[in-house]
Amino acid sequence: MQTPTRHASRRTGPDAGLLAAAKRKAFARWLDDMRARKVTLVPGLEHPGDPRQPDNHHKH
């Protein structure tokens, strides 16, 4: 009995690294888009190091 491999379609060769990088980049863009759609910052509770804030010097 042969067990199926988990990543049977995993590519190899010179383009494999480029494909993997493109997949990571596409996922990061999707994640940033979803976060922008779903997360609402509460005024006054933003991260102090956020460059979009007028006083963006990180202090503890």
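A.B. asks: Please explain the overall build of the protein as it appears in this structure.
C.D. replies: A count of helical and extended segments in the protein gives one helix and zero strands. Sorting the 60 residues of the protein into buried and exposed places 2% on the buried side. Summed over its atoms, the accessible surface of the protein is roughly 6,200 Å², and 57% of this surface lies on carbon and sulfur atoms.

A.B. asks: For this particular structure, what's the right way to read the pattern of salt bridges?
C.D. replies: Opposite charge on two side chains permits pairing when their charged atoms draw close. Applying the stated criterion across every chain yields a total of two salt bridges. In this structure, Asp32 engages Arg35 in a salt bridge whose closest nitrogen and oxygen atoms are separated by 2.5 Å. Linking Asp32 with Arg35, this pair stays in helix H1 (residues 16–38), spanning three residues, or about one helical turn. A relative accessible area of 41% means that Asp32 is categorised as partly exposed.

A.B. asks: I'm lost on a nonpolar patch on the surface in this one. Help?
C.D. replies: Together, Phe27, Trp30 and Leu31 give the surface a local cluster of nonpolar side chains, amounting to about 330 Å² of exposed area. Here Phe27 lies in helix H1.

Scoring rules and cut-offs
Residues numbered from 1 in each chain as written. Predicted model: local features only at pLDDT ≥ 70, side-chain atom pairs only at ≥ 80, totals over all residues. Heavy atoms only, no water. Helix = DSSP H or I, 4+ residues; strand = E, 2+ residues; numbered from the N terminus. Buried < 20%, exposed > 50% of the residue type's maximum accessible area, 1.4 Å probe, protein only. Areas by Shrake-Rupley, 256 points an atom, 1.4 Å probe, with all protein chains shown as cover. Salt bridge = Lys/Arg side-chain N within 4 Å of Asp/Glu carboxyl O. Patch = residues over 30% accessible without salt bridge, like charges linked within 9 Å, V, L, I, M, F, W, Y side chains within 5 Å.

Keep in mind that these numbers describe shape and distance, not what the molecule does.
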